[in-house]
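The chain contents come next:
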Amino acid sequence: MRKEFLVFGKPAIEEAEIAEVVDSLRSGWIGSGPKVQRFEQMLGEYVGESEVRCVSSCTAALFLAMKTLGIGAGHEVIIPAMTFVASANAVEHTGAKAILVDVDPETGLIDLDAAEAAITPRTKAIMPVHLWGLPVEMDRVNSIRDRCGIEIIEDAAHALGAEWNGRPIGSFDNLTAYSFYVNKNITTIEGGALVARDSGTATRIEQLALHGLSAGAWQRFSDAGFKHYEATEPGYKFNMTDVQAALGIHQLPRLDRWIDRRAEIWDSYDRDLADLPLTLPAAVPDHVRHARHIYQVRLRPDAGLTRDQLLEELHRRNIGTGVHYRGVHLHPYYRDRDGIDPSSLPNATEISETTLSLPLHSLLTEKDRVDVVEALQEILAQPQRGRRSA
Ligand SMILES: *Cc1c(COP(=O)(O)O)cnc(C)c1O
């Protein structure tokens, strides 16, 4: 058994990031400034869209995306029940209501037929989530957008680096939000970005993220000369700092390499876990590049123990795991407010109760990975289960 605890996710911070942070600290410019602008440009080049704006989190990016679309009280935004609760919370913050729909039983992605069927006169947008790094079928998403005249806000917290039909997620003419939280594929500790489609929206995002002021702090205080600023609306405080961007500008160039490494670990897990009573992640279709953010398996009923027992057994063997996710509809706020019967969202409920995520990050060693496999084999092997129940 492993001696030290294997953490589920681990950020890969190298010397370049550390030096860049120190450079920001020494420069005196620690707030939003040139490094944020550089990171935005790099992200723009990476996703093939020039209008990218960085903010303090993906939750803030999703929220601001909806604000710029005029979404608020009296409106509805359709989201998958199987996602991180932040997707729903961002909708609620605008005053609109998050309408939860079920997901595909195999991929776990939003059921687009259910989403289309849930559209009402109050519906302003659908928020598909590229869950686990697997892109949603973008032709179908955009066809609903164009046929029904509603907006699409893509929650791409897991999907920086993902592609659909050879095009990066973020380049499909929607507002697309990324996360750089500590355990995402790249990190700025806390941070997010929004692909804004056009420069008008980008400017609006910038202003809303900084008190609603007419000119950003960087322009105001740079050596371009003093400029008066005006609040054109009561904005928020969602700007990213240069210290955070200092991490991002060195993380992003490594993302493709890291995704390739994650894919290797992924394929090895697929191979080594095939005989266990687990449903492995859905096969990756040829027309997508999966960002390989989360490797989740589902415990089958014939395994002879519950998912939570399995989590505990793994923990006892020093293997860290995650649960992605407990469905939004199972969180008390959403469940009780809307009186949702879990059986009305059967696939999201089933995934919530059976899923667990295995350690997957660019620093995971082959020994770490084998430790995970062996722990699972030991816990799930038939003879062992027989002994335990005897
Ligand atoms: C992490 C995550 C978010 C929120 O990201 P933050 O940057 O922490 O706000 C939103 N949606 C999904 C699916 C996530 O996994």
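Residues numbered from 1 in each chain as written. Predicted model: local features only at pLDDT ≥ 70, side-chain atom pairs only at ≥ 80, totals over all residues. Heavy atoms only, no water.

A. Structural view of the overall build of the protein chain. For the protein chain, the count of helices and strands is 15 helices and 13 strands. The C-alpha atoms of the protein chain give a radius of gyration of 22 Å, which matches the 21 Å a tight globule of 390 residues would have. Across its three principal axes, the protein chain shows a C-alpha extent of roughly 80 × 55 × 35 Å. Burial statistics for the protein chain: of 390 residues in total, 55% are counted as buried. Restricting the contact set of the protein chain to residue pairs at least 6 apart, pairs at least 24 apart contribute 72%. Working note: accessible area of the protein chain is about 16700 Å², and carbon and sulfur atoms make up 52% of it. Computed over 41 positive and 55 negative side-chain charges, the inter-centroid distance for the protein chain is 4 Å. (Helix = DSSP H or I, 4+ residues; strand = E, 2+ residues; numbered from the N terminus. Rg over C-alpha atoms; globule rule 2.2 N^0.38 Å. Buried < 20%, exposed > 50% of the residue type's maximum accessible area, 1.4 Å probe, protein only. Contact = heavy atoms within 4.5 Å. Areas by Shrake-Rupley, 256 points an atom, 1.4 Å probe, with all protein chains shown as cover. Lys, Arg positive; Asp, Glu negative; His and termini not counted. Charge placed at Lys NZ, Arg CZ, Asp CG, Glu CD.)

B. Looking closely at the confidence of the model for the protein chain. Looking at the protein chain as a whole, the pLDDT averages 94, with 95% of positions reaching at least 70. In the predicted structure, residues 383–390 sits below a pLDDT of 50 and forms 13 contacts with residues beyond four places in sequence or in another chain. (pLDDT = per-residue confidence, 0-100.)

C. Representation of the sheet that holds strand 13 (residues 355–358). Taken together, three strands build an open sheet; the order of strands is 10-12-13 and the sheet is antiparallel. Both outer strands of the open sheet, strand 10 (278–279) and strand 13, are each paired with one neighbouring strand and no more. Taken together, the two bridges between strand 10 and strand 12 (residues 295–299) define a ladder with antiparallel strand orientation. Paired with Leu 278 across the strands is Leu 299, a residue of strand 12. Strand contacts of helix 11 (residues 307–316): strand 12 and strand 13, with the helix running at about 25° to strand 13, the strand carrying the most contacts. (Pairing = 2+ DSSP bridges. Axes fitted to C-alpha atoms, helices over the stretch in contact; angles between N-to-C directions.)

D. Summary view of the pattern of salt bridges. Within the structure shown, the criterion is met by 32 salt bridges. As a salt-bridge pair, Asp 146 and Arg 145 come within 2.8 Å of each other at their nearest N and O atoms. Between Arg 300 and Asp 302 there is a salt bridge whose closest N-O contact spans 3.3 Å. Using a relative accessible area of 45% as the deciding quantity, one classes Asp 302 as partly exposed. Each of the salt bridges in this network shares a partner with another, and the network as a whole consists of Arg 2, Glu 4, Lys 367, Asp 368 and Asp 371. (Salt bridge = Lys/Arg side-chain N within 4 Å of Asp/Glu carboxyl O.)

E. Examining the side chain of Asn 142 more closely. If you trace the backbone, Asn 142 turns up in helix 6 (residues 138–148). Asn 142 gets classed as buried once you look at its relative accessible area, which sits at 11%. Non-local contacts of Asn 142, meaning those with residues more than four positions away in its chain, are made with Ile 152, Phe 172 and Asn 174.

F. Layout of the environment of Ala 60. Of note, Ala 60 is situated in helix 3 (residues 58–68). With relative accessibility at 4%, the residue Ala 60 sits in the buried group. Along the sequence, Ala 60 and Ala 193 sit 133 residues apart, while their C-alpha atoms lie 8.8 Å from each other. Ignoring sequence-local partners within four residues, the contact set of Ala 60 consists of Val 55 and Phe 238.

G. The arrangement of the side chain of Glu 76 in detail. Inspection of the secondary structure puts Glu 76 in strand 2 (residues 76–80). For Glu 76, the side chain forms a polar contact with the side chain of Thr 120, separated by 2.9 Å. In this view, Glu 76 contacts Lys 97, Ile 99, Thr 120, Arg 122, Thr 123, Lys 124 and Ala 125; residues no more than four positions away in its chain are not counted. (Polar contact = N/O pair within 3.5 Å; in protein donor to acceptor, adjacent residues only side chain to side chain.)

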